[in-house]
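# Per-entry structural report
Residue strings, one per chain:
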Amino acid sequence: MIDALKCFVTVVELSSLSRAAVQLEMAVSSVSRKVDALEEELGARLLLRSSRKVILTDAGERFLPRARNILAELADGKNAVQELDSEPRGLLTVTAPAAFGRLHVAPAIASFLARHPLIEVDLHVSDDVVDLSARRVDVAVRAGVLPASDLVATRLAGMNRVVSASPAYLERHGWPTSPVDLLNHECLTVNGRVPPRGWWRFEGVNGYQPLPVKGRLRCDDTDSLLHAAISGAGIVHLANWLASDAIVAGQLVPVFPMLPVERDIANARRDPNEPAIHAVHMPGRSNQAKAQLLIRHLREYFGSPAYWDLAMQAAGAGERRAP
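Computed from a predicted model, the values in this text were never measured in an experiment. Throughout, a residue's number is its position along its own chain's written sequence, starting from 1. It should be noted that, the model being predicted, local features are given only for residues of pLDDT at least 70 and side-chain atom pairs only at 80 or more, the latter also being counted only at that level, while totals for whole chains, interfaces and linings use all residues. To get the side-chain values, all heavy atoms of the structure are used, and hydrogens and water are removed first.

### A word on the confidence of the model for the chain
- Scored by pLDDT, the chain comes out at a mean of 85, with 87% of its residues at no less than 70.
- pLDDT runs from 0 to 100 and stands for how confident the predictor is about each residue. It only takes one pair of heavy atoms within 4.5 Å for two residues to be counted as in contact. For residues 263-270, every residue scores under 50 in pLDDT, and the model assigns this stretch 16 contacts once sequence neighbours within four places are set aside.
- Low pLDDT, under 50, characterises residues 318-323; the stretch is placed with 14 contacts to residues that sit more than four places away or in other chains.

Encoded structure:
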């Protein structure tokens, strides 16, 4: 059956029995018999064949993607079995959002490479959402809400936003006592693109719609807003993984009590509209075993709760401190 599937897919891809026979190193008659046997097994005609061309039937059109998936899964399974008896090796191509990639993915991959000396990684950090198939990407780390797709997604960590400001700003301008008070403060906001999900939104406030906060500084880069907030330019609403280091160092102070850290990723509430950190990969790729190895390492490295949340908790950042 597997040989018949290979013959069928190769004939379709090359649009010719004779060219398929050359590639498969088989006689044309043998390729034809394999396809005949497959059609008999399925009870349907898959190809219309003539001396000049090969045309897929309606049944062939429907069966072709399944045949390809079967062959891809078989190749991936074979690769996974072979890797059980050998050290993983080869190249992985990985993408990640710019700031998260620099802060958290690059150190995690350094740890991964130390553990697997025969693996190489091409890491691309960019806020562009790339097409995994077109760019031949094995693993993409994505932050936020995942759109519906055929990609296989693994949740790596939860994600929430922290309202924070520098001690100097709070000393000069006072401490907001509720989210509504932010309307009277300098708030650092994004421009030039759609604001991140959850930006200036709070449970029980303004119908969970973004508060119309204002400020004299707007920027299309959240990493730049982080440094502006550290310098005392205003109040900022940043992801926990981005604000953590500055909060632990005392450069920023959480303005409101922080959410409890997530205890267990495996049992976390699965809300498709809830922002989170995910790793995604394409099913059926030849590098799938190595991709899953990296994804498991990322989950282990980030931890549950994530190490950036634990660091803020250990620093006492979860409690509101008077200015």
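### Structural notes on the sheet that holds strand 7 (residues 161-165)
- We treat two strands as partners when DSSP finds at least two bridges between them. In DSSP terms, a helix is any run of H or I states spanning at least four residues, a strand is any run of E spanning at least two, and both are numbered starting from the N terminus. Strand order in the open sheet formed by three strands is 10-7-11, and the pairing between neighbours is antiparallel. With one partner strand each, in any of the chains shown, strand 10 (236-239) and strand 11 (253-254) form the two edges of the open sheet.
- By the bridge criterion, four bridges tie strand 7 to strand 10 in an arrangement that is antiparallel. Bridge pairing in strand 10 links Val163 to His237.
- This element, helix 9 (residues 240-248), spans strand 7, strand 10 and strand 11 of the sheet and lies at about 110° to strand 10. Only the stretch in contact is used when a helix axis is fitted, and all axes are lines through C-alpha atoms; the angle between N-to-C directions ranges over 0 to 180 degrees.

### Some details on the nonpolar core
- We call a set of buried residues a nonpolar core when its members are Ala, Val, Leu, Ile, Met, Phe, Trp, Tyr or Cys and they connect through side-chain atoms within 4.5 Å of each other. Per-residue accessibility, obtained with a 1.4 Å probe over protein chains only, is compared with the maximum for each type, and a residue is labelled buried under 20%, exposed over 50%, and partly exposed between these values. With 61 residues, the main nonpolar core has Leu182 and Trp241 as its most contacted residues.
- Source of the domain bounds: an automatic or database domain assignment. Counting contributing residues per domain, this core is built from domain 2 (90-158 + 262-304) and domain 3 (161-257), each supplying no fewer than three.
- Residues within four places of Trp241 in sequence aside, it is in contact with Ala99, Phe100, Leu103, His104, Met159, Ile277 and Trp308.

### Brief notes about the side chain of His116
- For His116, the position within the fold is in the loop between helix 5 (98-115) and strand 4 (119-125).
- The class of His116 is buried, set by a relative accessible area of 12%.
- Excluding residues that lie within four positions of it along the chain, His116 makes contacts with Glu87, Pro88 and Leu293.

### Side note on the sheet that holds strand 6 (residues 152-158)
- Taken in spatial order, the five strands line up as 4-3-5-12-6 in an open sheet, and their pairing is mixed. Every other strand in the sheet has two partners, leaving strand 4 and strand 6 as the edge strands with one partner each. Strand-to-strand, the axes of this sheet are offset by a mean angle of 20°, without reference to chain direction.
- Relative to strand 12 (residues 276-281), strand 6 is paired through six bridges, and the arrangement is antiparallel. Considered in strand 12, the bridge of Thr154 is made with Ala279.
- Its contacts with the sheet place helix 5 against strand 3 (90-96), strand 4, strand 5 (139-144) and strand 12, and it is angled at close to 175° to strand 4.

### Here's the deal with unusual backbone geometry
- In the segment running from Ser304 into Pro305, the intervening peptide bond is cis, with an omega of 0°.
- Its location among the elements puts Pro305 in the loop between helix 10 (288-302) and helix 11 (307-314).
- One non-glycine residue, Tyr208, lies in the positive phi region at around 60°.
- Looking at the secondary structure, you find Tyr208 in the loop between strand 8 (189-190) and strand 9 (218-219).

### What about the packing of aromatic side chains?
- Any two rings among Phe, Tyr and Trp, with Trp reduced to its six-membered ring, count as a pair given centres within 6.5 Å; such a pair is stacked if its planes are under 30 degrees apart, edge-to-face if over 60, and tilted if neither. Per the stated rule, a full pass over the model turns up 11 aromatic pairs.
- Both rings, one in Phe302 and one in Tyr307, keep their centres 6.4 Å apart while their planes meet at 55°; by these two values the pair is tilted.
- Overall, Tyr307 belongs to the partly exposed group, its relative accessible area being 31%.
- Feature note: the residues Phe100, Trp241, Tyr301, Phe302, Tyr307 and Trp308 constitute an aromatic cluster, connected by ring pairs.

### Quick look at helix 9
- Buried residues dominate helix 9, accounting for seven of its nine residues.
- Within helix 9 the residues assigned to the buried category are Asn240, Trp241, Leu242, Ala243, Ser244, Ala246 and Ile247.
- One or two positions beyond helix 9, positive phi appears at Gly250, with a value near 80°.

### Thoughts on helix 8 (residues 222-230)
- Of all the residues in helix 8, the buried ones are Thr222, Asp223, Leu225, Leu226, Ala228 and Ala229.
- Each element contacted by the buried residues of helix 8 is listed here: helix 5, strand 8, strand 9, strand 10 and helix 9.
- A positive backbone phi angle near 95° is found at Gly232, which sits one or two residues after helix 8.

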